[in-house]
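Tertiary structure, described
Given next are the chains, with one letter for each unit.
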2 protein chains.
Amino acid sequence: MVTRKEDFSKWYLQTIQQADLMDYSPVRGCMIFKPDGFEIWEHIQAAFNARFKEEGVRNAYFPMLIPETFFSKEKDHIEGFSPELPWVTEAAGEPLEERLALRPTSETIIGDAYSNWIQSYRDLPMQINQWANVFRWEKKTLPFLRTSEFLWQEGHTAHATAEEAKERTMRMLTIYREVVEELLAVPVVAGEKTPSERFAGAENTYSIEAMMQDGKAVQAGTSHYMGTKFAEAFDIRYLNTDNEHVYAYTTSWGVSTRLIGAMIMMHSDDQGLVLPPKVAPIQVVLVPVGPWQKNPAILEKIEELNTQLKAKGIRTKIDDTDNSPGYKFNEWELRGVPLRIECGPRDLQNEQVIIKLRDESDKKAVPFADFIETIESELTTMQTRLLTTARAMNQANYHTNINTLDELVEHIETKRAAGELPGWVLAGWDGTEESEAKIKELTGFTTRNIPFAGQVEEKTTCIVTGQPAKHTVWLARAY
Amino acid sequence: MVTRKEDFSKWYLQTIQQADLMDYSPVRGCMIFKPDGFEIWEHIQAAFNARFKEEGVRNAYFPMLIPETFFSKEKDHIEGFSPELPWVTEAAGEPLEERLALRPTSETIIGDAYSNWIQSYRDLPMQINQWANVFRWEKKTLPFLRTSEFLWQEGHTAHATAEEAKERTMRMLTIYREVVEELLAVPVVAGEKTPSERFAGAENTYSIEAMMQDGKAVQAGTSHYMGTKFAEAFDIRYLNTDNEHVYAYTTSWGVSTRLIGAMIMMHSDDQGLVLPPKVAPIQVVLVPVGPWQKNPAILEKIEELNTQLKAKGIRTKIDDTDNSPGYKFNEWELRGVPLRIECGPRDLQNEQVIIKLRDESDKKAVPFADFIETIESELTTMQTRLLTTARAMNQANYHTNINTLDELVEHIETKRAAGELPGWVLAGWDGTEESEAKIKELTGFTTRNIPFAGQVEEKTTCIVTGQPAKHTVWLARAY
């Protein structure tokens, strides 16, 4: 068992496999989402679907195969995506007349549909989301975080005005931040991506970025304002109230199964997976201890408690296998079950159970009389505690007093030599691609995003050139 | 507006487009599921997920791309599917070393995974389902019923014994029948497919078959018993309690978005779509009538009633646009909304609303005092009534007294000449492929399934040869 300190990457791969969340596939870079891994995704889907519905966004499904000519309609889009596309070139024994791409994202095919569906201002806003598999043929892959096929949602909206489209873009970013923090207990920084990191074809791209336990960043969700670029490419025009045919303003926004990877890297420890209660397939495991097989009253009590838990909608499991308690404790810790309940002969006598929260080291006794209230509140508390712990870890690894590239290089070297995290560095940036490239070349750090005003103290000079800073950016190594 | 009688196919296409359920796609044979069409699918998914969970079946997700070598492992499987496969041959600018098929079904890739996951009898049964997009490059396509890409669920289980696997196969067929009848109000006949109609690689295939309003059949779901055929092809073996390495017995079963097509063809009428309340995106539409714009009390009342409906979890819509009531009535009928509520000045005075069920011709007055109970019971009654009406239509078109091929040919000709449905014909069959082929050649009718014992009166002689019948089969034209 390798620890996080010894080798973070190995630890991650070991954690997800021992927790039985995934398996590799015979197709390079594609993975299998095993039932526990997939159920986490189902909880994520349910949370987002509820939020989307409140926003008037409806689900639909568009074809996966996209004709090559569609991509070519938006110049930046095809340039950005073509290096990663898999192509269907033959079907039913015959070559196709036109190559069909496996969708990497659906702006093009949805843009084409919107151009037919949107005729008048009465058709706006049009707000549709789809849950789908998408493909980006990646060279280096990592389960959940970067795979050739992944699952995601992509929302696509069209609006009468730029203001309304911008509002939608920002609103979805807020929803992403809230769900990721509340459901997955992963704190994020919201901001705008630099032009070089924009979605291919967008006017502005915004992201939420999360800091993992190794100090690296995961881009956890993006929201794009397209202006009229895709509307012009696909002729999405509507008759406005002045009877003019004008272009609509569009947006798109997505989160993917990489959220699962981010959540795992954020909370898990050297004993294995740690899952926030809200998404855990099993929230509570009940384990009989002591000579329970000789004393049927123990399992009876456990079953009674289990019934109480289930009545509250809590997802539970009784482990009444023949394995030793130690084996069972280890097994359910590896699998990230948030709360374990033990009950043996002495507990029965004392009218109590012993509980252990996955992210705490001490056990506690809970009297039968307070059982259900205590379990419910412990789960709620754990959910909040995971977010608080993660925030504290993040705070400790934000570095805001680094002002030159030399200082940055030294900071990274010093931290690494000490076995500490270089974390994230807040830097002034003159807004040029040259400066961005230089930072990356010398340090491997990239611009994560330009945090929204008020979140950080603005830097005044560019970390590379010493010239006045145009923006303040977060720099970090990223997954 | 074409009627069912005039041209059933045209009527179907017109119905689904006017109801805004779908749109065509630029890729041949692929379709767009628009929000109303997709929401029906979401209700179907929710119903099946609940049943699968009760059966101990869990959801997962397997890669879409399947290496060509995988298909070749089971001879019948590759023969059956290869004429319909689309292939990815290049990715990220380079030709692939091995062609990858877009999955038509996932027995192969799941079989490969199961061979790793199943080691001991303790790992059995293994019961996994996935909801996914699948591809079968069809020559003739029809929205929902036969498309090159469609959505489905595919369950795959492995068991220690043949008996247990057979039980699972039959149990899933029962669940299919129950959900299709209870949720979609589509009556079905359950039975076994003949060998020539078996799933490629299965030992036995069972189906549920539904009769549409034009008398044709839709295969609405299938369940397959594989014996050890896939276990042998993919080496799915386990250590049994006698410490022997033996093959597992596997099953698979699926329903797809064609269920939506079957439901539409079953219930809709010349005024447009008719939706069973359980799956309707909008279950109740509320329309103010009379000079309601001058009398704010009407819309206030409608909003109050709407709040009552929503509190009961009923999906509603208030149509307070400027369109005329006649236009609105027509619009919501086209879209299949099960129940319409009208409220105008006179109704307000009489403390009542007027309701109209989509499948009935008369309107009824409902006093405010009985409002919510009446609406709830009318929706429940309509759900049941649709199934009863469909059953009656089916019963009227089962023909069980046809004993020779000449009689069958004459029956079809007579019915067609009279503008009546040839429907389904119960026939004795000697069990040979030759007889099956002859029936198809002369009549276009195919064997739908061999209904389970007790459902029909067994026929004693083969309709083709006059020899003793081995089985009694349903014959029909099919989608």
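Within an unreviewed UniProt entry, the label attached to chain A reads Proline--tRNA ligase, and the organism entered is Globicatella sulfidifaciens DSM 15739. Heading Subcellular location (unreviewed entry) of the UniProt record for chain A holds this comment: "Cytoplasm".

Before going further, it helps to spend a moment on the overall build of chain A. When you go through chain A residue by residue, the secondary structure sums to 14 helices and 24 strands. Relative to the 2.2 N^0.38 estimate, which gives 23 Å for 479 residues, the radius of gyration of chain A is 25 Å and therefore close to what a compact globule would have. Expressed along its principal axes, the backbone C-alpha trace of chain A runs to roughly 80 × 55 × 50 Å. Buried positions account for 60% of the 479 residues belonging to chain A. Side chains of chain A give 52 positive and 71 negative charges; the mean places of these two sets differ by 3 Å.

As a further point, take the pattern of salt bridges. Applying the stated criterion across every chain, the model contains 64 salt bridges over all chains. The salt bridge involving Arg58(B) is made with Glu39(A); its shortest N-O contact spans 2.9 Å. In this pair, Arg58(B) is assigned in strand 3 (residues 58–59) and Glu39(A) in helix 2 (residues 35–54), connecting two distinct chains. For Arg58(B), a relative accessible area of 31% corresponds to the partly exposed category. A relative accessible area of 16% places Glu39(A) in the buried class. The shortest N-O distance in the salt bridge between Asp359(A) and Arg385(A) comes to 2.7 Å. Here Asp359(A) is found in the loop between strand 18 (352–357) and strand 19 (363–367), whereas its partner Arg385(A) is found in helix 12 (residues 371–396), with 26 residues between them in sequence. Under the relative-accessibility criterion, Asp359(A) is labelled partly exposed at 26%.

A separate point is the relation of the copies chain B and chain A. Rotating chain B by 180° and moving it 0.0 Å along the rotation axis overlays it on chain A with an RMSD of 0.0 Å. Considering both components of the superposition, the chain copies are consistent with a two-fold axis. Considering only C-alpha atoms, the part of chain B nearest the rotation axis is Val88(B), at 2.1 Å. The overlap is high: 100% of the interface residues of chain B also sit at the interface in chain A, so the same surface is used on both sides.

On to the UniProt feature "domain: Aminoacyl-transfer RNA synthetases class-II family profile" (unreviewed entry) in chain A, then. Mapped onto the present numbering, the UniProt feature "domain: Aminoacyl-transfer RNA synthetases class-II family profile" (unreviewed entry) falls at residues 35–276 of chain A. Helix makes up 34% of residues 35–276 of chain A and strand 32%, whereas the separation of the span's terminal C-alpha atoms amounts to 17 Å.

Right, let's get into the packing of aromatic side chains. Tallied over the full model, the rule gives 35 aromatic pairs over all chains. Seen from their ring centres, Phe33(A) and Phe144(A) are 5.7 Å apart, and the 65° between their planes marks the pair as edge-to-face. One end of the pair, Phe33(A), is in strand 2 (residues 31–33); the other, Phe144(A), is in the loop between strand 7 (126–135) and strand 8 (149–159), with 111 residues separating them in the sequence. Here Phe33(A) matches Phe144(A) in class, with each residue buried. In this structure an aromatic cluster arises from ring pairing among Trp41(A), Phe48(A), Phe52(A), Trp131(A), Tyr176(A) and Trp253(A). The side chain of Lys216(B) reaches across the aromatic face of Tyr479(B), ending 4.0 Å from its centre.

The next point concerns unusual backbone geometry. It is generally the case that most residues other than glycine have a negative phi and that most peptide bonds are trans. Note that the residue after Leu124(A), namely Pro125(A), is joined by a cis bond; omega there is -10°. Of note, the phi angle at Asp20(A) is positive, near 60°, even though the residue is not glycine. Using a relative accessible area of 26% as the deciding quantity, one classes Asp20(A) as partly exposed. One non-glycine residue, Asp235(B), lies in positive phi territory at about 60°.

The interface of chain B with chain A comprises 49 residues on the first partner and 49 residues on the second. Roughly 4,000 Å² is buried in total at the junction of chain B and chain A, and carbon and sulfur atoms are behind 64% of that figure. Counting the surface chain B buries against chain A, the share from its top three residues, Arg58(B), Tyr61(B) and Trp117(B), is 16%. The interface formed by chain B and chain A holds six salt bridges in total. For Glu90(A), the salt bridge goes to Arg99(B), with nearest N and O atoms at 2.5 Å.

Residues and elements named next belong to chain B. Topologically, Glu342 is positioned in strand 17 (residues 339–343). Residue class for Glu342 comes out buried when judged on its relative accessible area of 6%. Only 2.9 Å separates the side chain of Glu342 from the side chain of Lys363, close enough to count as a polar contact.

When the domains of chain A are assigned, the result is domain 1 (8–267), domain 2 (284–381) and domain 3 (399–477). A C-alpha centroid distance of 48 Å is found between domain 2 of chain A and domain 3 of chain A.

Here we come to the state of the cysteines. Per the counting criterion, the structure on display carries zero disulfides over all chains. Of all cysteine sulfurs in the structure, the one in Cys30(B) sits closest to Cys30(A), which takes part in no disulfide; the separation is 20 Å. Residue classification places Cys30(A) among the buried residues on the basis of a relative accessible area of 4%.

To continue, consider the packing of helix 2 (residues 35–54) of chain B against helix 8 (residues 258–267) of chain B. Residue and element names in this part refer to chain B. Where helix 2 contacts helix 8, the axes come no closer than 10 Å and their chain directions differ by 110°. Taken together, the axis directions place helix 2 and helix 8 in an arrangement best described as roughly perpendicular. Where helix 2 approaches helix 8, its residues Gly37, Ile40, Trp41, Ile44 and Phe48 are matched on the opposing element by Leu259, Ile260 and Met263. When the residues that make up the contact of helix 2 with helix 8 are grouped by side-chain class, the tally is seven nonpolar, one polar and no charged.

As a further point, take the sheet that holds strand 22 (residues 446–447) of chain B. Residues and elements named next belong to chain B. On the basis of which strands lie adjacent, the open sheet formed by four strands has the order 20-21-24-22 and mixed pairing. Each of the sheet's edge strands pairs with one partner strand only, and the pair in question is strand 20 (398–399) and strand 22. Of the strand pairs in this sheet, strand 21 (residues 424–429) and strand 24 (residues 471–476) are connected by five bridges, and their pairing is antiparallel. Bridge pairing in strand 24 links Trp429 to His471.

With that out of the way, let us pick up helix 9 (residues 296–311) of chain A. Residue and element names in this part refer to chain A. With 16 residues, helix 9 should reach 22 Å at 1.5 Å per residue; the first-to-last C-alpha distance of 23 Å fits that figure. For helix 9, the complete set of buried residues consists of Ile298, Leu299, Lys301, Ile302, Leu305, Asn306 and Leu309. The arc that holds the buried residues of helix 9, viewed along the axis, is 155°, so those residues lie on one side. Turned more than 90 degrees off the buried face of helix 9, the exposed positions are Pro296, Glu300, Thr307 and Ala311.

Moving on, we come to the environment of Met266(A). Looking at the secondary structure, you find Met266(A) in helix 8 (residues 258–267). In this structure the C-alpha to C-alpha distance between Met266(A) and Thr432(A), which are 166 residues apart in sequence, comes to 32 Å.

What follows concerns the environment of Thr69(B). Looking at where Thr69(B) falls in the secondary structure, it is placed in helix 3 (residues 68–72). Between the C-alpha atom of Thr69(B) and that of Arg258(B), which follows or precedes it by 189 residues, the distance is 30 Å.

Our next topic: a negative patch on the surface. Together, Glu300(A), Glu303(A), Asp320(A) and Asp322(A) make up a region of like negative charge exposed at the surface. Tracing the chain through its elements places Asp322(A) in the loop between strand 16 (316–318) and helix 10 (325–334).

Along any regular strand the residues' side chains alternate between the sheet's two faces. Residue and element names in this part refer to chain A. Counting buried positions along strand 7 yields ten of ten residues, so the element is predominantly enclosed. Strand direction decides the pairing type here: strand 7 and strand 8, joined by ten bridges, are antiparallel. The partner of Met126 across the bridge, within strand 8, is Ala158.

In this section: the side chain of Glu149(A). With respect to the helices and strands, the residue Glu149(A) is situated in strand 8. Buried charge without a partner: Glu149(A) forms no salt bridge, and the closest opposite charge is Arg103(B), 4.5 Å away. Only 3.1 Å separates the side chain of Glu149(A) from the side chain of Asn133(A), close enough to count as a polar contact. Among the polar contacts listed, one links the side chain of Glu149(A) to the backbone nitrogen of Met64(B), at a separation of 2.9 Å. When near neighbours in sequence (up to four residues on either side) are disregarded, Glu149(A) contacts Gly29(A), Cys30(A), Asn133(A), Val134(A), Phe135(A), Tyr61(B), Phe62(B), Pro63(B) and Met64(B).

Residue and element names in this part refer to chain B. The interhelical angle for the contact between helix 1 (residues 8–18) and helix 8, taken along N-to-C directions, is 110°, at an axis separation of 11 Å. By the angle class used here, helix 1 and helix 8 are roughly perpendicular. Considering the relative orientation of helix 1 and helix 8, their crossing is right-handed. Taking contact as the criterion, the partners of Phe8, Trp11, Tyr12, Thr15 and Ile16 in helix 1 are, on helix 8, Gly261, Ile264 and Met265. Looking at the contact of helix 1 with helix 8 residue by residue, the class counts come to six nonpolar, two polar and no charged.

Rules used in this analysis
Residues numbered from 1 in each chain as written. Chains lettered and ligands numbered in written order. Predicted model: local features only at pLDDT ≥ 70, side-chain atom pairs only at ≥ 80, totals over all residues. Heavy atoms only, no water. UniProt positions renumbered as here; feature names shortened; annotations may be inferred. Helix = DSSP H or I, 4+ residues; strand = E, 2+ residues; numbered from the N terminus. Rg over C-alpha atoms; globule rule 2.2 N^0.38 Å. Buried < 20%, exposed > 50% of the residue type's maximum accessible area, 1.4 Å probe, protein only. Lys, Arg positive; Asp, Glu negative; His and termini not counted. Charge placed at Lys NZ, Arg CZ, Asp CG, Glu CD. Salt bridge = Lys/Arg side-chain N within 4 Å of Asp/Glu carboxyl O. Least-squares fit on C-alpha atoms with pLDDT ≥ 70 in both. Contact = heavy atoms within 4.5 Å. Phe/Tyr/Trp six-rings, centres within 6.5 Å; stacked < 30°, edge-to-face > 60°. Lys NZ or Arg CZ within 6 Å of the ring centre and 35° of its normal. Buried area = accessible area lost by both parts, 1.4 Å probe. Polar contact = N/O pair within 3.5 Å; in protein donor to acceptor, adjacent residues only side chain to side chain. Domains from an automatic or database assignment. Disulfide = S-S within 2.5 Å. Axes fitted to C-alpha atoms, helices over the stretch in contact; angles between N-to-C directions. Parallel < 35°, antiparallel > 145°, perpendicular 65-115°, else oblique. Nonpolar A, V, L, I, M, F, W, Y, C, P; charged D, E, K, R; others polar. Pairing = 2+ DSSP bridges. Expected span 1.5 Å × (residues − 1). Arc of directions from axis to C-beta. Patch = residues over 30% accessible without salt bridge, like charges linked within 9 Å, V, L, I, M, F, W, Y side chains within 5 Å. Areas by Shrake-Rupley, 256 points an atom, 1.4 Å probe, with all protein chains shown as cover. Left-handed = near helix turned anticlockwise from the far one by under 90°.

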